[in-house]
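Residue-level structural notes
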Amino acid sequence: MEQSELSAQCTGQSMSHLQEVFPGHFLHRDVVDAYLPLVEQAAKEGIALRLASGFRSFERQLSIWNAKARGERPVVDSEGKPVAMAALSERDQVLAILRWSALPGASRHHWGSDMDVWDSAAVSDDYQLQLTPDEYAPGGPFYRCSLWLDGVIHRGETDFFRPYNGAKAGGVAAEPWHLSYRPLAAVCEKALTLEVLRKLIENTDICLQGAILDDLDEIYSRFITL
Ligand SMILES: [Zn+2]
């Protein structure tokens, strides 16, 4: 693959590698072949594994980022409590957004290798999915699904893994719903260099651009590399 196409794919600016797996939900075509058997395996345990979110474009991530920076979307801390953004320095605003939202260009959801999953068999049809830690913790509706995923991953029965397991202090909060297809993600991780990202942010109309660029080295090592 050409370097420029790989850079475009790993920053969410190309859809040429994707396949629509369900209406409106896209994954890399190699990942579809690995995901569907996992869904079948889950079904045998009474778990209806569903995709909340697969591929997300750069433009979409940029609109989420800018809405949070402008106060049009809430920013919450790692416990889910609202953050008073106006009281923070620009640097701290950037860090607060990064707790739950990736920097545009640096979301693993750009790759088509990563997805958020839930269990539709564990809740009623009108359930409003939140994707919060409580839902996947003991007592939560998706705890059983989460334990099942733990087992499948631990036993090496799948090439999916959880990149955000909360093990990295000071980085992205734990996301038990987030799965990543390792063979493809490994390629994207390598392609998404600090320089690729810097060039992209420099050429993007993004809120808090100066603060992002000032701290990009730290952001990259804290929030982007695992
Ligand atoms: Zn995710």
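Report on the accompanying structure.

For the rest of this paragraph, the subject is the overall build of the protein. Each helix and strand counted, the protein has 10 helices and six strands in total. Taking 2.2 N^0.38 as the reference for a compact globule, 226 residues should give roughly 17 Å; the C-alpha atoms of the protein span a radius of gyration of 17 Å, in line with that estimate. Considering only C-alpha atoms, the protein reaches an extent of 50 × 45 × 30 Å along its principal axes. A buried classification covers 30% of the 226 residues belonging to the protein. Within the protein, residue pairs in contact and separated by at least 24 positions form 66% of the contacts whose partners lie at least 6 positions apart.

On to the sheet that holds strand S4 (residues 114–119). Within a beta sheet, neighbouring strands are joined by backbone hydrogen bonds and run either parallel or antiparallel to one another. Reading across the sheet, the four strands line up as S3-S4-S6-S5 and stay open at both edges, with antiparallel pairing between neighbours. Strand pairing shows two members of the sheet lacking a second neighbour, strand S3 (49–53) and strand S5 (160–161), which therefore form its edges. Note that S5 and strand S6 (residues 178–181) share two bridges and pair antiparallel. Each residue of the ladder has a partner; that of Phe-160, found in S6, is Tyr-181.

Attention now moves to unusual backbone geometry. Look at Leu-131: it is not a glycine, yet its phi comes out positive at around 55°. Tracing the chain through its elements places Leu-131 in the loop between S4 and helix H5 (133–136). Residue Leu-131 is classed as partly exposed on the basis of its 17 C-beta neighbours within 10 Å. The backbone of Leu-208 sits at a positive phi, close to 65°, despite the residue not being glycine. Mapping Leu-208 onto the fold places it in the loop between helix H8 (194–202) and helix H9 (209–214).

Quick look at the environment of Leu-49 now. Position of Leu-49 among the secondary structure elements: in strand S3. For Leu-49, a count of 23 C-beta atoms within 10 Å corresponds to the buried category. When the C-alpha atoms of Leu-49 and Leu-36 are compared, they prove to be 9.6 Å apart, with 13 residues separating the residues in sequence. Apart from residues no more than four positions distant in its own chain, Leu-49 is found in contact with Leu-38, Val-39, Ala-42, Val-117 and Asp-119.

The end-to-end C-alpha distance of helix H2 (residues 29–43) is 22 Å, a good match for the 21 Å that 15 residues give at a rise of 1.5 Å each. Of the surrounding secondary structure, the elements contacted by the buried residues of H2 are strand S2 (25–28), S3, helix H6 (143–154), S6 and helix H7 (182–191).

At a minimum axis separation of 11 Å, H8 and helix H10 (residues 216–224) run at an interaxial angle of 125°. Between H8 and H10, the crossing angle belongs to the class labelled oblique. Crossing of H8 over H10 shows right-handed handedness. Touching Leu-194, Leu-197, Arg-198 and Ile-201 of H8 are Leu-216, Asp-217 and Tyr-220, all from H10. For the contact of H8 with H10, the class distribution of residues is five nonpolar, no polar and two charged.

Calculation criteria
- Residues numbered from 1 in each chain as written.
- Predicted model: local features only at pLDDT ≥ 70, side-chain atom pairs only at ≥ 80, totals over all residues.
- Helix = DSSP H or I, 4+ residues; strand = E, 2+ residues; numbered from the N terminus.
- Rg over C-alpha atoms; globule rule 2.2 N^0.38 Å.
- Buried ≥ 20, exposed ≤ 12 C-beta atoms within 10 Å, placed from the backbone.
- Contact = placed C-beta atoms within 7 Å.
- Pairing = 2+ DSSP bridges.
- Expected span 1.5 Å × (residues − 1).
- Axes fitted to C-alpha atoms, helices over the stretch in contact; angles between N-to-C directions.
- Parallel < 35°, antiparallel > 145°, perpendicular 65-115°, else oblique.
- Left-handed = near helix turned anticlockwise from the far one by under 90°.
- Nonpolar A, V, L, I, M, F, W, Y, C, P; charged D, E, K, R; others polar.

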